[in-house]
Amino acid sequence: MRIAFVTFEYPPLIVGGAGIYAKYITQELANMGHDVVVFTPANIQTKKNNKNINIESISINRAIPKALQFWLKLPKALQESDKNNKFDLIHINGLSYFFLQKRLLNCPHFLTIHHLVRDVIENGYPTSLKRFFDLKGENNFFLPIFEKWAVNSTDKIIAVSNFTKNQIIKRYHVNKEKIKVVYNGVDINLFNFSEKDLNSVRSKYNLNKKPLILFVGRVDDPRKGLDILLKVIKQVLKHIEINNWLDTTYI
């Protein structure tokens, strides 16, 4: 298949999980023999490491909000690329398009949703003033509107968890048959540690053989649930003894 992959983030410009997702899903689709064309903002000097991946960089003026320019220029860029070699589907990574033009091309539209911006806003408790001036962040006034357009315009939605799927249904009343849960994959070859490696880490941080609880995520984002984890740990400690290295080092 010939796949158009639309994304704000793409290597080497990776800000968060969506960028990592974009890197690996395009790489694996290409490895399967699909022809992947990545549409992403310009000023990204990326080295192509797969013959089946092509980068279509859309020029951006630094004086104008990047997202707005990308959204407005994307339809024409897709149509130009589709003229001589038709796309079989368009895969949109997060809110990388705002669906002012409902159908970009005459082919199926897939949308991956990593989380809902409405959840970000409600869990972050931003003030109206903060949302007004947050032109680039997820708290701005317009993103929930674009999000609604996106879920209603696409043919299929990929949710990265059952929670995200349920939130889409709850927030936007989308038919559950339209949503497919596909968990983010892990390349286990990148995390194949020997017993010697693990013991070396334990020795470096003075950890014994007791169980470890590891939190990976931003500590300033309420959506990450660090406050819930701390409450749960308090209950866990009633039943099992764990390393308290985190407590003694950072708290």
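Now for a description of the structure that goes with this document. No experiment lies behind these values; they were computed from the predicted model shown.

Close approach of charged atoms allows side chains of opposite charge to pair. For the structure shown, the criterion picks out four salt bridges. Lysine 83 is the salt-bridge partner of glutamate 80, the closest N and O atoms lying 3.3 Å from each other. Of the residues examined, lysine 83 reaches a relative accessible area of 53% and is grouped as exposed. The partner of aspartate 82 in a salt bridge is lysine 86, and the shortest N-O contact between them spans 3.4 Å.

Checked against the element boundaries, threonine 154 lands in the loop between α5 (143-153) and β6 (156-159). C-alpha of threonine 154 to C-alpha of proline 108: the two residues are 46 residues apart in sequence and 7.7 Å apart in space. Contact partners of threonine 154, with chain neighbours within four places excluded, come to Phe99, His109, Phe110, Leu111 and Lys178. In terms of polar contacts, threonine 154 uses its side chain to reach the backbone carbonyl oxygen of alanine 150, at 3.1 Å.

Another point: the side chain of threonine 7. For threonine 7, the position within the fold is in the loop between β1 (2-6) and α1 (17-31). Other than its neighbours up to four places away in sequence, threonine 7 contacts Ala22, Val38, Phe39, Thr40, Pro41, Phe70, Asn93 and Ser96.

Burial within strand β4 (residues 89-93) is extensive, with five of its five residues counted as buried. Going residue by residue along β4, you find Leu89, His91 and Asn93 tucked away on one face and Ile90 and Ile92 tucked away on the opposite face as well. Relative to β4, β1 is paired through four bridges, and the arrangement is parallel. Within β4, the residue paired with phenylalanine 5 across the bridge is histidine 91. Relative to strand β5 (residues 109-113), β4 is paired through four bridges, and the arrangement is parallel. Directly across from isoleucine 90, in β5, lies its bridge partner histidine 109.

Moving on, we come to the environment of leucine 29. Checked against the element boundaries, leucine 29 lands in helix α1. Classification of leucine 29 by relative accessible area gives buried; the value is 17%. Residues leucine 29 and isoleucine 3, spaced 26 residues apart in sequence, show a C-alpha to C-alpha distance of 8.9 Å. Apart from the residues lying within four places of it in its own chain, the contact partners of leucine 29 are Ile3, His34 and Val36.

Ranked by size, the top nonpolar core spans 35 residues in total, and within it Leu74, Leu78, Ile90 and Ile168 carry the most contacts. Discounting chain neighbours no more than four positions away, the residues touching leucine 74 are Val6, Phe39, Ile58, Ser96, Tyr97 and Leu104. In this structure, Ala30, Val38, Ile53 and Leu89 belong to the second largest nonpolar core, which totals 12 residues.

Analysis parameters
- Residues numbered from 1 in each chain as written.
- Predicted model: local features only at pLDDT ≥ 70, side-chain atom pairs only at ≥ 80, totals over all residues.
- Heavy atoms only, no water.
- Salt bridge = Lys/Arg side-chain N within 4 Å of Asp/Glu carboxyl O.
- Buried < 20%, exposed > 50% of the residue type's maximum accessible area, 1.4 Å probe, protein only.
- Helix = DSSP H or I, 4+ residues; strand = E, 2+ residues; numbered from the N terminus.
- Contact = heavy atoms within 4.5 Å.
- Polar contact = N/O pair within 3.5 Å; in protein donor to acceptor, adjacent residues only side chain to side chain.
- Pairing = 2+ DSSP bridges.
- Core = buried A, V, L, I, M, F, W, Y, C linked by side-chain atoms within 4.5 Å.

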